[in-house]
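Observations on chain architecture
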Amino acid sequence: MAHETGSLSEATALSRKRRAAEKRYRLYGLVAISIGLLMLVILLTTIITKGVTAFQQTYITLDIELLESKLDKKGNRDINDIKKVSTFGYAPLTKNSFEKLISANNLNTALSPKKASKILSKSAASELRNFVINDTSVIGRTISFEFLTNSWIDGYLKGRINRGDIQNSKNVSPEQLDLVDELVKLGIVEKKFNLSFLLGSDASDMRPEAAGFGVSMVGSFYMMLVVLLLSLPVGVAASIYLEEFAPRNWITDIIEVNISNLAAVPSIVFGILGLAVFINFMHLPQSAPFVGGMVLTLMTLPTIIISTRASLKSVPPSIRDAALGVGASKMQTVFHHVLPLAAPGILTGTIIGLAQALGETAPLLLIGMIGYIASNMPSTLLEGLASPNSAMPAQIYEWAKRSDPAFYERAWGGIIILLIFLVTMNTLAVILRRRFERRW
Amino acid sequence: MEDEVKISARGVQVYYEDKQAIKNVDVKIQDKTVTAFIGPSGCGKSTFLRCLNRMNDTISICRVEGEILLEGQNIYHPDVDPVQLRAKVGMVFQKPNPFPKSIYENVAYGPRIHGLFESKSDLDEIVEMVLRRAALWEEVKDRLSEPGTGLSGGQQQRLCIARAIATRPEVLLMDEPCSALDPIATAQIEELIADLKENFCVVIVTHSMQQAARVSNKTAFFHLGDLVEYGETEELFVRPTDPRTESYISGKIG
Ligand SMILES: Nc1ncnc2c1ncn2[C@@H]1O[C@H](COP(=O)(O)OP(=O)(O)O)[C@@H](O)[C@H]1O
Ligand SMILES: [Mg+2]
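Sequence order sets the numbering: in each chain, residues are counted from 1 along the sequence as written. Lettering for chains starts from A, numbering for ligands starts from 1, and both go in the order in which the items are written. The model is predicted, so local features are restricted to residues of pLDDT at least 70 and side-chain atom pairs to those at 80 or more, both for listing and for counting; the totals for chains, interfaces and linings are taken over all residues. Each side-chain value is worked out from all heavy atoms of the structure, with water and hydrogens disregarded.

Helix numbering and strand numbering both begin at the N terminus, where a helix is a DSSP run of H or I of at least 4 residues and a strand a DSSP run of E of at least 2. Looking only at helices and strands, chain A has 19 helices and three strands in total. Over its C-alpha atoms chain A spans a radius of gyration of 31 Å, topping by over 25% the 22 Å that the globule rule assigns to 440 residues. Taking the principal axes of its C-alpha atoms as reference, chain A extends roughly 105 × 65 × 35 Å. Put simply, chain A has 440 residues, and 45% of those count as buried. A radius of gyration in this sense is built from C-alpha atoms; the matching globule rule multiplies 2.2 Å by the number of residues raised to 0.38. Working definition: with a 1.4 Å probe on protein chains only, accessible area under 20% of the residue-type maximum means buried, over 50% means exposed, and in between means partly exposed.

Here it is in structure tokens:
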């Protein structure tokens, strides 16, 4: 068949068709990417708008007269006597404080001081009590104290709760909201940065305003420590053996296939395995981060092995030849030359494996690492590993499950923190990969 | 001196799985000479060369029969440690493959793992001597800490030669060392090879008959796994005895 002769710039039927196809294909690509980006934007804005309020909390500053007559009737500052005063004994102090507040500022409210003091968090009295027990010398003085308000007041100021919503509520009354409006004007009630969300522990159903994410962050940290220390050495050793030393035969083929299969096993399977083996059979403690770490190690190992083997494979054979050629042993070849070249890839795979493990929820629920397990930060390494704790995703799940919308807000806040960790880790992996890309 | 036999192969057969790549080769390679292996692509030159330092051991499907004596000792004897053998029989590969480390480290690596020096200054001396020997010193003496992979192709190949001779080998195997280089770099390497035969037994595989003619004293012509003809280079090129050799050097096969 003869070619059409003519100018190269002239469009033939064939070239027109080809160009149209190219254009169409580019359009499909753009549409696909736009949809993806749109989803991402929607996701991020939802998460941020819903979660960002968790990083603020409503506080009220009150002057509390720590009356000796209430806290230390005998006046001898005996700590045992002072400890006998329960949180109920502290309630009158806050009530008195409100009474003074109302009269001093000429506030126009129908509420009794007792009713007014109900805008405080239920944890207020015990906070006060802990403060006094810590330092008995404050008894008899008037101390300016910052309390959490309860979650309905917090929700009202954040716009989560409207006056319309609370008509039949036993928890909060319109009069209380009026009072809060006045106090906001006076600067006595205000929203502040919520440090205790970042540092604190989960709280009971009745006190969402006091619930924090910090302790479960620490739980996750210890778990990741275990995962890293177990899965990196084991995974790398296994990969080096399989890739560099093992003979190619049906046994290694079976091992290979099964590692790939393991990587595809749903995480809940590892969870129930952990429950059966680590807890029911080996009687390791429930809810302990090191057990959680072991379960997640099972899950992370295949990922690390697969990526480590891939990066070992990507080291060119010419490097191995070079080393063997000057009389290096197999061991020396691997450890002096191959492994250093594969290290960035191994590290990247490890970080990605850890990031996956960090976001894993289901296996943790099965071994009891749910929210409201730990109420204090672990103080030692051993405690951090062995004492019951939760982890970030499990804490988020726990909050999302509770009925009070105040917890829901915290679940979203927790998701923001979790995502920050994940994005940081993945960015680190990308940077490492870029930085050390193929230097040979 | 000229006639001292360094390597002698007897009845060497090499198989890749069931496929025979080398058929019953007998050859005596002399010390302080350059021996060239020529032949059409796929005839088994590299395979045979890699038998001489047991690099074929790294290919699991490769099987070697017969014996290869290095100074009378069979290198395929079960007691021989291939790792030690390779320090004695150095190798330079087709594609320059310096380690992605500094120029200094490239040369120092062999002496390091074989414990060939006493002190740091000792090692410095070895590195300098070896780089001079490889005609590379003047070009790299000011940048020994720079990566060896940053050098030009020809320099990289000379670095690889330096690396190979740093372990004080007796035999130097080169598998088409110039096939990835430009003519100028090739000329430099050829000059170096001519120089190296003063101290080493050099065996070079080449697909270029001109190169074989230029650098070698002896030439072996392989064809389909057979060692067809082996002799003085000049003799072989001028008066080939086997018709296959003749048609190869006259360009009819290859
Ligand atoms: N690693 C290997 N596995 C299987 N067959 C190989 C391998 N290396 C070489 N061969 C075969 O052995 C024969 C000789 O190859 P080679 O020695 O590389 O030839 P040359 O170097 O002369 O071009 C060829 O047929 C080649 O296909
Ligand atoms: Mg070859």
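The next subject is the site of ligand 1. Residues and elements named next belong to chain B. Proximity is defined per residue: any heavy atom of the residue falling within 4 Å of a molecule or strand makes that residue near it. The immediate surroundings of ligand 1 are formed by Tyr16, Lys19, Ala21, Ser41, Gly42, Cys43, Gly44, Lys45, Ser46, Thr47, Ile59 and Ile61. Think of a polar contact as two N or O atoms within 3.5 Å of one another; within protein, one of them needs to be a possible hydrogen donor and the other a possible acceptor, and neighboring residues in sequence only count if both atoms come from side chains. Here a nitrogen atom of ligand 1 and a side-chain polar atom of Tyr16 are 3.4 Å apart. For ligand 1, an oxygen atom lies 2.9 Å from a polar atom in the backbone of Lys45. All accessible-area figures derive from a Shrake-Rupley calculation using a 1.4 Å probe, and residue coverage is judged against the displayed protein chains alone. Bound to the protein, ligand 1 loses 65% of the 560 Å² it would expose on its own. Elements with a contribution of two residues or more to the shell around ligand 1: β2 (19–30) and α1 (45–51). With three residues, α1 is the largest single contributor of residues to the shell around ligand 1. Among the residues forming the shell around ligand 1, the class breakdown is five nonpolar, five polar and two charged. Any residue outside Ala, Val, Leu, Ile, Met, Phe, Trp, Tyr, Cys, Pro, Asp, Glu, Lys and Arg is labelled polar, Gly included; the first ten of those are nonpolar and the last four are charged.

Aromatic ring pairs are defined here through the distance separating the ring centres and the angle between the ring planes. All names here are of chain A. Two rings belonging to Phe, Tyr or Trp (six-membered ring only in the last case) form a pair when the distance between their centres is within 6.5 Å. Interplanar angles under 30 degrees mark stacking, angles over 60 mark edge-to-face geometry, and anything in between is tilted. A full pass over the atoms with the stated rule returns 13 aromatic pairs over all chains. When the ring of Phe145 is compared with that of Phe147, the centres are 4.8 Å apart and the planes differ by 35 degrees; the resulting orientation is tilted. Relative to Phe213, the ring of Phe197 has its centre 6.0 Å away and its plane inclined at 15 degrees; by these criteria the two rings are stacked. Here Phe197, found in helix α9 (residues 195–199), pairs with Phe213, found in the loop between α9 and α10 (214–245); they are 16 residues apart in sequence, far enough to count as distant. The exposure classification of Phe197 matches that of Phe213, with both residues buried.

A few words now on the interface of chain B and chain A. Any pair of residues with heavy atoms lying within 4.5 Å of one another is described as a contacting pair. At the junction of the two partners, chain B supplies 22 residues and chain A supplies 17 residues. Two parts lose some accessible area (1.4 Å probe) when they are put together, and adding that loss for both gives the buried area. In total, about 1,500 Å² of surface goes out of reach between chain B and chain A, with carbon and sulfur atoms giving 64% of it. Area buried by chain B at its contact with chain A is led by Phe99(B), Pro100(B) and Tyr109(B), which between them contribute 31% of it. Counting across the interface, chain B meets chain A through six residue pairs in polar contact (both at pLDDT 80 or more). Residue assignment for the side of chain B that touches chain A shows that the elements contributing at least two residues are α2 (82–88), β6 (89–92) and α3 (103–114) of chain B.

The next thing to look at is the domain arrangement of chain A. Residues and elements named next belong to chain A. Looking at the assigned domains, one finds that chain A contains domain 1 (56–193) and domain 2 (214–436). Where each domain begins and ends follows an automated or database-derived domain assignment. Once you take the C-alpha centre of each, domain 1 and domain 2 turn out to be 46 Å apart. Listed per partner, the contact involves six residues of domain 1 and five residues of domain 2. At the boundary of domain 1 with domain 2, total buried surface from both sides reaches about 360 Å², with 35% on carbon and sulfur atoms. On the domain 1 side of the interface with domain 2, the three residues burying the most area are Gln57, Ser151 and Arg160, jointly 75% of the side's total. The salt bridge definition used is simple: a Lys or Arg side-chain nitrogen within 4 Å of an Asp or Glu carboxyl oxygen. In this structure, the connection of domain 1 to domain 2 is made through two salt bridges. Here Arg160 makes a salt bridge to Glu409, at a shortest N to O gap of 2.7 Å. The interface formed by domain 1 and domain 2 holds three residue pairs in polar contact (both at pLDDT 80 or more) in total. Per-class residue counts for the side of domain 1 that touches domain 2 are one nonpolar, two polar and three charged.

Moving on: the sheet that holds strand β3 (residues 189–193) of chain A. Either a parallel or an antiparallel arrangement is found when strands of a sheet pair, and the pairing is made through backbone hydrogen bonds. Residues and elements named next belong to chain A. Paired strands, in this sense, are two strands between which DSSP finds at least two bridges. Reading across from one edge, β2-β1-β3 is the order of the three strands in this open sheet, with antiparallel pairing throughout. One side of each edge strand has no neighbouring strand; the edge strands of this open sheet are β2 (142–148) and β3. Neighbour to neighbour, the strand axes of the sheet diverge by 40 degrees on average, direction disregarded. Judged from the five bridges that link them, strand β1 (residues 56–65) and β3 form a sheet pairing that is antiparallel. Orientation is described by axes fitted as lines to C-alpha atoms, over the contacting stretch for helices, and by angles from 0 to 180 degrees between their N-to-C directions.

Take empty space enclosed by the protein next. Residue and element names in this part refer to chain A. Grid points spaced at 1 Å and placed over the protein atoms alone form the basis of the search, with a cavity being a set where a 1.4 Å probe fits but cannot get out and a pocket an open set showing protein on both sides within 12 Å along at least five of seven lines. Lining residues have an atom within 4 Å of a point. Grid points are joined across faces, edges and corners, and a volume is the space filled by probe spheres set on the points. Applying the stated rule across the entire model yields one cavity of 30 Å³ or more. Counted as a void, the largest cavity has a volume near 40 Å³. Lining the largest cavity are Ser201, Asp202, Val215, Ser216, Gly371, Tyr372, Ile373, Ala374, Asn389, Ser390 and Gln395. Classifying every residue of the lining of the largest cavity gives four nonpolar, six polar and one charged.

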